[in-house]
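Structure at a glance
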Amino acid sequence: MTLLLKNILAIYQRELQSYFASPLPYIIAAVFWLLGGFFLVAILLGPQGILAQAAMADQAVQMGLPTPPPFDVAYEFNKAYVGLLGSLSMFVLPMLSMGLYADERKQGTLELLATSPVTNWAVALGKLLAVVSFYIAMVLPLMVCQAIALGAATPPTGSGVFFLSHLGLVLVAASVLALGMFISSLTESTVLAAIMTFALILLLWLVDAVAQGLPGVLGSAIAHLSLLKHFTDFTEGIFDTGGLVLFLSFIGLGLYLTAQSIETLRFQRS
Amino acid sequence: MAMKSFAVYQKYLKYLALPGLALVTAGLLAGVVAGWTLLPAGLLIGGIGLLLLGLVLGNQGQGRFWAQRSTEAGANALVSTLAVLVILGLVNFVAVRYATRVDLTENQLFTLAPQSQQVVRSLENPTRVVVFDPLPNPQDRQLLESFRQTGGQFTFDYVNPYNDPRLAQEFGATQTGMVFVESGGTRRFLQNVGPSERLSERTLTNALDQVVSDRALTVYFTQGHQEFVIDGSDTGFLQAATALGEKSALVQPLDLAQTGTVPEDANVVVVAGPAAEFFDAEVAALQTYLNQGGSLMLLIDPRTSPGLDTLLDPWGVTLDDRIVLDTSGSGQLVGLGPAAPLVTDYGDHPITRDFRGGRSFFPLVRPVNVEEVPGVTATPLLQSNPQSRAESLSAEGQLQFDENAPPSGPYTLGVALSRPVDGAAAAEGEPPPESRLVVIGNATFATDGLFEQQLNGDVFLNAISWLGQQTDATLSIRPREVTNRRITMTVQQQVGLGVFSLLVLPVIGVVLAVVMWLRRR
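Being a predicted model, the structure only gives us computed values, none of them experimental. (Residues numbered from 1 in each chain as written. Chains lettered and ligands numbered in written order. Predicted model: local features only at pLDDT ≥ 70, side-chain atom pairs only at ≥ 80, totals over all residues. Heavy atoms only, no water.)

What about the overall build of chain A?
- Tallying secondary structure elements over chain A gives 12 helices and 2 strands in all.
- Starting at the N terminus and ending at the C terminus, chain A contains elements arranged as α-α-α-α-α-α-α-β-α-α-α-α-β-α.
- Sequence separation of at least 24 residues holds for 75% of the intrachain contacts in chain A that already meet a minimum separation of 6.
- Summed over all atoms, the accessible surface of chain A reaches about 11,300 Å², with 74% contributed by carbon and sulfur. (Helix = DSSP H or I, 4+ residues; strand = E, 2+ residues; numbered from the N terminus. Contact = heavy atoms within 4.5 Å. Areas by Shrake-Rupley, 256 points an atom, 1.4 Å probe, with all protein chains shown as cover.)

Here is the structure:
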């Protein structure tokens, strides 16, 4: 057991090092931060931003117009911004997951991994943990920016929804990365892996719309697969165990399929 | 010869798998969408046949398909993958079935009120809400989801009326956005939802409560004294009557001069803005009805004297002849003059308990004076602003008031009273029967056009519900209110945040990338 953990940890470290030692992930992070920063400013401070809307509502009261309904700026901002980070991540995640196995395949190190004494799923888990860690490292600075803004709220706001929504973000990201890892294990081409992963994301993102056209149990079963629906629950401050199980299922499925795909690899070339 | 030609063509047989796959897909889709009739089933079976033919026969030419190690491993992988999918599916099924939701929002925005929870849990029969809407609103869905997760008997369905016209016809849904409640064999229209009108927890809970209690109110509106009409022939109480009808109450006109007595089945009698006097016999009929445990609602505009004083005296209620003026200017914010006082102060009573600062207004209202009478429980419902005054009218109907006179408010504009019925024994486990009376010094507030504004309609409907002696719990569920919160940042803070997130962070990323690139070289 400890050996297994050690193996996972070793893979994790190796992967993480490769992220922090190569320029591409930093470029991805820089683009992510630029876009994230842009939307932070646009959603919060922009001319159509939430602060401007609130100011307009307050002005209406001073002018003697009917009092608008109460408006929780902090809550709305958190919901809108984390939701947006989710959408933004969907473009970045395929780039993070595309190289996970495809690169190994290209460089010919995949055979080594497949035949090494470390079990396939331990390798997959280590890789997934590493890429999720990198994603968290990407989100953290933006989370700090957001926390600074939320800290200026009057009356002060609680942190429950804030942390729950970011937990949702990480869970969605982990689900997508796990599935992207599987796709990456199928092909030698990183570009193909990224495109396929993106297509899968779109499918899982929009599956709710498809499900609405279908009646009854099948419709609700397919609707349950929607990442967006469960993610929205989290951003709105609802912790739903059904959603949590779905995310964990996607992660588990991604890990399992990856391990299977490496397992079959052993025999494919025989 | 035959064998040889078969072998020649055999290698092409594997391509049969492709049309086979297409047929299977088509069959599955058609079956799911249009139901399992002969055609989809045929497509599916044919497709599976082709698929097998292609896979089995097509590969036999190479002879060793089943013997290959990779095939075995592949088959194993396929089977175990299917198993994993099934397991995950089951796990998710169980997880959704027994999901718990924790609402972490500050004001429990997504949690049902305790009354709603109680009502949903007490449902005995499967109860279904059907919404005919091609585009479900996420907010409504969320609310229905909360209901569903609270009680096991509650389900809901969104039906696209264009895809399922037969069902829409069955329900009598003539337009999109119609919501129905179905329980046991009964089915009734609940409300319309649209972009401007969302599903409300209170409507839903009240509807479910009626399913539970299975008792519809019969509400009589007295006629014959120039009361407001309920048939829509003139501006009157049509909206109010319709709203009662939507709560499955039976609304009837009542001409006491003809019937002589209040009908046995009356749960509530409403006297809505009479301008002419009641005959003594009519007052006596109302009196008898009230004394026997009836419920009466009196909405009496100023400058009218319906002659109901003998009815009101035993309750300690007198109607003031003056008019309440609110000179504080608070009504002007919502476009109301001083003669239409805005009420934001409500009594602690099931009718108004959860109005909490919500607004209702009463154009031309008279104060209702209440004296304490032994045995009668009186709760002032509506209080005018402390800045208000009561002024009398001259004989010509001119309002004369001194601008500078000190305010003398607040005045009670409406009161709810109850009194145990004499000599009536309480059934076991139930509260003793009561006579109930609501008196409001204005009838106009609930007329068409004003009924839907602010809380006016709620005042009326809640009063009727209380008078009908239904369970008081579900009356006053108000939508959850969010905290009014602002983010206040100085310009420096805003600029600082903007510069950091837009400039500093990306630059750090780029610099690190360049450093790594240089190091690699």
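Here's the deal with the environment of Arg485(B)
- When you line up the elements, Arg485(B) lands in the loop between α13 (456-467) and β20 (486-487).
- For Arg485(B), a relative accessible area of 1% translates into the label buried.
- Polar contacts involving the side chain of Arg485(B) include one to the side chain of Asp72(A), which spans 3.0 Å. (Buried < 20%, exposed > 50% of the residue type's maximum accessible area, 1.4 Å probe, protein only. Polar contact = N/O pair within 3.5 Å; in protein donor to acceptor, adjacent residues only side chain to side chain.)

Section: the interface of chain A and chain B
- Across the contact, 68 residues belong to chain A and 56 residues belong to chain B.
- Note that Arg101(B) is salt-bridged to Asp233(A), the shortest N-O span being 3.8 Å.
- Run the count over chain A and chain B and you get 16 residue pairs in polar contact (both at pLDDT 80 or more).
- Across the side of chain A that touches chain B, the residue classes break down as 46 nonpolar, 17 polar and 5 charged.
- Bridge analysis of strand β2 (residues 238-240) of chain A against strand β1 (residues 101-103) of chain B gives 3 bridges, and the strand direction is antiparallel. Directly across from Phe239(A), in β1(B), lies its bridge partner Val102(B). (Salt bridge = Lys/Arg side-chain N within 4 Å of Asp/Glu carboxyl O. Nonpolar A, V, L, I, M, F, W, Y, C, P; charged D, E, K, R; others polar. Pairing = 2+ DSSP bridges.)

Focus on helix α11 (residues 280-291) of chain B
All names here are of chain B.
- The terminal C-alpha atoms of α11, which comprises 12 residues, lie 16 Å apart, in line with the 16 Å expected from a rise of 1.5 Å per residue.
- The set of residues buried in α11 consists of Glu282, Val283, Ala285, Leu286, Gln287, Tyr289 and Leu290.
- Tucked into the core, α11 has its buried residues touching α10 (256-259), β8 (268-272), β9 (295-299), α12 (309-312) and β19 (434-440).
- Just downstream of α11, Gly293 is the residue with a positive phi angle, here 100°. (Expected span 1.5 Å × (residues − 1).)

Quick word on the packing of aromatic side chains
- In the structure shown here, the tally under the stated rule is 21 aromatic pairs over all chains.
- An aromatic cluster is built from Phe221(B), Phe228(B), Phe237(B), Phe451(B) and Phe460(B), whose rings are joined through pairwise contacts.
- A cation over a ring is seen here: Lys127(A) above Tyr101(A), with NZ or CZ 4.8 Å from the ring centre. (Phe/Tyr/Trp six-rings, centres within 6.5 Å; stacked < 30°, edge-to-face > 60°. Lys NZ or Arg CZ within 6 Å of the ring centre and 35° of its normal.)

Thoughts on a negative patch on the surface
Residue and element names in this part refer to chain B.
- Negative charge collects at one region of the surface, where Glu277, Asp280, Asp309 and Asp313 lie side by side.
- Take Asp313: it is sitting in the loop between α12 and β10 (317-319).
- Note on Asp313: relative accessible area 48%, which makes it partly exposed. (Patch = residues over 30% accessible without salt bridge, like charges linked within 9 Å, V, L, I, M, F, W, Y side chains within 5 Å. Lys, Arg positive; Asp, Glu negative; His and termini not counted. Charge placed at Lys NZ, Arg CZ, Asp CG, Glu CD.)

Details of helix α8 (residues 160-186) of chain A
- Taking 1.5 Å as the rise per residue, α8(A) with 27 residues should run 39 Å; its terminal C-alpha atoms sit 40 Å apart, in good agreement.
- Within α8(A), 22 of the 27 residues are buried, which leaves it mostly tucked inside the rest of the structure.

Quick word on the side chain of Arg485(B)
- Only 2.6 Å separates the side chain of Arg485(B) from the backbone oxygen of Pro155(A), close enough to count as a polar contact.
- Discounting chain neighbours no more than four positions away, the residues touching Arg485(B) are Phe71(A), Asp72(A), Val73(A), Ala74(A), Ala153(A), Thr154(A), Pro155(A), Pro156(A), Thr157(A) and Glu106(B).

A few points about the sheet that holds β9(B)
Residue and element names in this part refer to chain B.
- As summarised here, the arrangement of the 8 strands in space is β7-β6-β8-β9-β19-β18-β16-β13, forming an open sheet in which the pairing is mixed. Only two strands of the sheet have a single neighbouring strand rather than two, namely β7 (250-254) and β13 (345-346).
- Here 2 bridges tie β13 to strand β16 (residues 377-383), and the two strands are oriented antiparallel to one another. Residue Tyr346 lies in a different strand from β16, and its bridge partner there is Leu382.

Thoughts on the pairing of β16(B)
- The pairing of β16(B) with strand β18 (residues 412-420) of chain B spans 6 bridges and is classified as antiparallel. By the bridge assignment for β18(B), Thr379(B) is matched with Ala416(B).

Observations regarding the environment of Thr25(B)
Residue and element names in this part refer to chain B.
- Among the secondary structure elements, Thr25 is positioned in helix α2 (residues 17-34).
- A relative accessible area of 42% means that Thr25 is categorised as partly exposed.
- Sequence separation of Thr25 and Leu44 is 19 residues, and the distance between their C-alpha atoms is 7.6 Å.
- Looking at Thr25, its side chain comes within polar contact range of the main-chain oxygen of Leu21, at 2.7 Å.

Some words on the sheet that holds strand β2 (residues 127-132) of chain B
All names here are of chain B.
- Strand order in this open sheet of 4 strands is β3-β2-β4-β5, and the pairing throughout is mixed. The two strands at the open ends of the sheet, each matched to only one other strand, are β3 (154-159) and β5 (186-192). Between one strand and the next, the sheet's axes are offset by a mean angle of 20°, whatever the strand orientation.
- In terms of strand pairing, β2 meets β3 through 6 bridges, oriented parallel. Its bridge partner being in β3, Arg128 is matched across the sheet by Thr155.
- Helix α6 (residues 138-150) rests against β2 and β3 of the sheet, and its axis sits at about 155° to β3. (Axes fitted to C-alpha atoms, helices over the stretch in contact; angles between N-to-C directions.)

Concerning the packing of helix α1 (residues 2-21) of chain A against helix α7 (residues 120-151) of chain A
All names here are of chain A.
- Where α1 contacts α7, the axes come no closer than 8 Å and their chain directions differ by 40°. Looking at the two axes, α1 sits oblique to α7. As α1 runs across α7, the sense of the crossing is right-handed. For the pair formed by α1 and α7, the contact residues are Leu4, Ile8, Ile11, Tyr12, Arg14, Glu15, Leu16, Tyr19 and Phe20 on the first element and Trp121, Ala122, Val123, Leu125, Gly126, Lys127, Leu129, Ala130, Val131, Ser133 and Phe134 on the second.
- A class-by-class count of the residues in the contact of α1 with α7 yields 15 nonpolar, 2 polar and 3 charged. (Parallel < 35°, antiparallel > 145°, perpendicular 65-115°, else oblique. Left-handed = near helix turned anticlockwise from the far one by under 90°.)

A look at the pairing of β8(B)
All names here are of chain B.
- Across the 5 residues that make up β8, a large majority, 5, are buried.
- Bridge analysis of strand β6 (residues 218-222) against β8 gives 3 bridges, and the strand direction is parallel. In the strand pairing of β8, Val219 is matched with Val268.
- Handedness of the crossover joining β8 and β9 through α11 is recorded here as right-handed. (Right-handed = clockwise from strand over helix to strand, strands pointing away.)

Here we look at unusual backbone geometry
- A cis geometry characterises the amide bond from Thr154(A) onward to Pro155(A), with omega recorded as -10°.
- As for its placement among the helices and strands, Pro155(A) is situated in the loop between β1 (153-154) and α8.
- Residue Gln226(B) is not a glycine yet carries a positive backbone phi of 60°.
- You will see that Leu364(B), though not glycine, has its phi angle at about 55°, which is positive.

Re a nonpolar patch on the surface
Residue and element names in this part refer to chain B.
- The grouping of Val491, Val495, Val499, Phe500, Leu503, Val504, Val507, Ile508, Val511, Leu512 and Val515 at the surface amounts to a nonpolar patch, some 850 Å² of accessible area in total.
- Considering the arrangement of structural elements, one finds Val511 in helix α14 (residues 491-520).
- Overall, Val511 belongs to the partly exposed group, its relative accessible area being 44%.

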